[in-house]
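Analysis of the macromolecular model
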Amino acid sequence: MQIVTPGLVLREVKVGESDRIITLLTPKLGVITASAKGSLRLKSKLFSACGLFCYSEFTLFQGKTMYMVDDAQVKQVFFGVRESIEGTALAMYLAELTLTLSPTGTEAAALLRLLLNSLYLIGEGKKTPGQIKTVFELRALCEAGYMPALIGCGACGKYEGGPFYFNEAAGTLRCADCAAKEGKAPNLDGAALTALRHIALVEDKKIFSFSIPPESMEALGRAAEHYAAHHLDKPLKTLDFLKTVLL
Ligand SMILES: [Zn+2]
């Protein structure tokens with residue numbers, strides 16, 4: 001059976017002299033693995049289209065153990081991603097996070113849009129790597145079904161005003177007063193909380209359209225990273241590397 005689908009290459013493994021096994025995120029099939037025979041030959045029509053972080057239109061055949069790439073046409077190459085070590089490290093982390101979440105169905109399509117957006121912004125250099133990382137972590141987790149309870153303080157219902165405590169394990173909020181009663185200190189100021197709600201709830205196109213003071217962004221960044229880590233089974237190797245280059 002032949003399948004035609006767009007796909008973003010999230011991983012490539014060289015096999016033998018000129019073959020590659022690639023892992024793709026597709027909007028309808030989710031994460032799939034495919035063999036791209038001969039794709040490392042410079043003259044191969046698959047050479048660019050099967051490269052890491054390339055977004056291509058794939059023609060696949062269903063093989064016994066995995067798909068076989070019959071044809072691939074480049075749709076978009078994110079050249080800017082490879083131009084800096086920070087950009088490359090961030091893209092590798094977002095790819096590993098995506099593979100770990102392994103979305104299916106409508107989640108896959110949503111996560112693909114988020115990832116394409118993020119790779120584009122990494123290349124553009126107009127948003128900081130920290131902001132892209134934070135938005136991706138929070139939104140990817142929301143899309144995967146881990147939506148935090150952001151309506152207000154879970155104890156008294158207070159919606160805003162003053163700093164809040166975001167419980168990264170539970171995904172719940174406490175106002176400063178209620179947090180104090182539980183022996184917790186606020187970790188998000190008002191701007192960071194507003195941004196958190198924006199990232200979790202706004203429509204796709206506007207996710208990255210906000211700016212908050214650097215110290216609020218840092219606080220939100222810490223919360224997002226912990227929130228993501230709490231909901232994954234294992235620590236991500238690429239995060240350690242990313243942290244060494246983002247300092
Ligand atoms: Zn409260």
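Keep in mind that what you see is a predicted model, and the values were worked out from it rather than measured.

Quick look at the coordination of the zinc ion
Within the protein, Cys153 (SG), Cys156 (SG), Cys175 (SG) and Cys178 (SG) serve as the donor atoms for the zinc ion, at 2.3 to 2.4 Å. Taken together, the four donor atoms coordinating the zinc ion and their angles of 99 to 120° define a geometry best described as tetrahedral. Between the donor residues of the zinc ion, the gaps in sequence give the motif C-x2-C-x18-C-x2-C. A relative accessible area of 4% means that Cys153 is categorised as buried.

Details of the pairing of strand 4 (residues 54-62)
Of the strand pairs in this sheet, strand 1 (residues 2-15) and strand 4 are connected by seven bridges, and their pairing is antiparallel. Note on strand 4: the bridge partner recorded for Gln2 is Phe61. Hairpin connection of strand 4 to strand 5 (residues 67-77): four residues between the antiparallel strands.

Looking at the domain arrangement of the chain
Annotation of the chain at the domain level lists domain 1 (2-77) and domain 2 (80-147 + 185-246). Centre-to-centre separation of domain 1 and domain 2, based on C-alpha positions: 25 Å. At the junction of the two partners, domain 1 supplies 13 residues and domain 2 supplies 18 residues. Counting the surface lost from both domain 1 and domain 2, the interface buries some 1300 Å², and carbon and sulfur atoms represent 79% of this. Between domain 1 and domain 2 we count zero salt bridges in total. Connecting domain 1 to domain 2 are one residue pair in polar contact (both at pLDDT 80 or more). Sorting the residues of the side of domain 1 that touches domain 2 by element identifies strand 1, strand 2 (19-26) and strand 3 (30-36) as the ones contributing at least two each.

Digging into the packing of aromatic side chains
Any two aromatic rings considered together are summarised by their centre-to-centre distance and by the angle between their planes. With the rule as written, the count across this model stands at one aromatic pair. Their ring planes at 55° and their centres at 5.6 Å tell us that Phe166 and Tyr227 sit as a pair that is tilted. A residue pair is termed long-range when its members are at least 10 positions apart, and Phe166 in strand 6 (residues 164-167) and Tyr227 in helix 6 (residues 214-230) qualify at 61 residues. In this structure, Phe166 and Tyr227 share a single accessibility class: buried.

Side note on the pairing of strand 7 (residues 172-175)
Strand direction decides the pairing type here: strand 6 and strand 7, joined by four bridges, are antiparallel. Note on strand 7: the bridge partner recorded for Tyr165 is Arg174. Connecting strand 6 to the next strand, strand 7, in antiparallel fashion are four residues, including Gly171 with a positive phi near 70°.

Some details on helix 6
An α-helical segment advances 3.6 residues per turn. Residues three or four places apart therefore align on the same side. The terminal C-alpha atoms of helix 6 lie 24 Å apart, and with 17 residues this matches the ideal 24 Å at 1.5 Å per residue to within 8%. Against the buried residues of helix 6 lie helix 3 (129-143), strand 6, helix 5 (190-201) and helix 7 (237-246).

Some words on the pattern of salt bridges
Once the charged atoms of two side chains with opposite charge are near each other, the side chains can pair. A complete count under the given rule lists 12 salt bridges for this structure. Lys126 serves as the salt-bridge partner of Glu124, at 3.4 Å between the closest nitrogen and oxygen. Here Lys126 falls in the exposed class, since its relative accessible area comes to 70%. Overlapping salt bridges, with partners in common, bring together Arg113, Arg139, Glu143 and Asp204 in one network.

Scoring rules and cut-offs
- Residues numbered from 1 in each chain as written.
- Predicted model: local features only at pLDDT ≥ 70, side-chain atom pairs only at ≥ 80, totals over all residues.
- Heavy atoms only, no water.
- Donors = N, O, S within 2.8 Å, 3.2 Å for Na, K, Ca; no water.
- Tetrahedral: all angles 85-135°; square planar, octahedral: opposite > 155°, others 65-115°.
- Buried < 20%, exposed > 50% of the residue type's maximum accessible area, 1.4 Å probe, protein only.
- Pairing = 2+ DSSP bridges.
- Helix = DSSP H or I, 4+ residues; strand = E, 2+ residues; numbered from the N terminus.
- Domains from an automatic or database assignment.
- Contact = heavy atoms within 4.5 Å.
- Buried area = accessible area lost by both parts, 1.4 Å probe.
- Salt bridge = Lys/Arg side-chain N within 4 Å of Asp/Glu carboxyl O.
- Polar contact = N/O pair within 3.5 Å; in protein donor to acceptor, adjacent residues only side chain to side chain.
- Phe/Tyr/Trp six-rings, centres within 6.5 Å; stacked < 30°, edge-to-face > 60°.
- Expected span 1.5 Å × (residues − 1).

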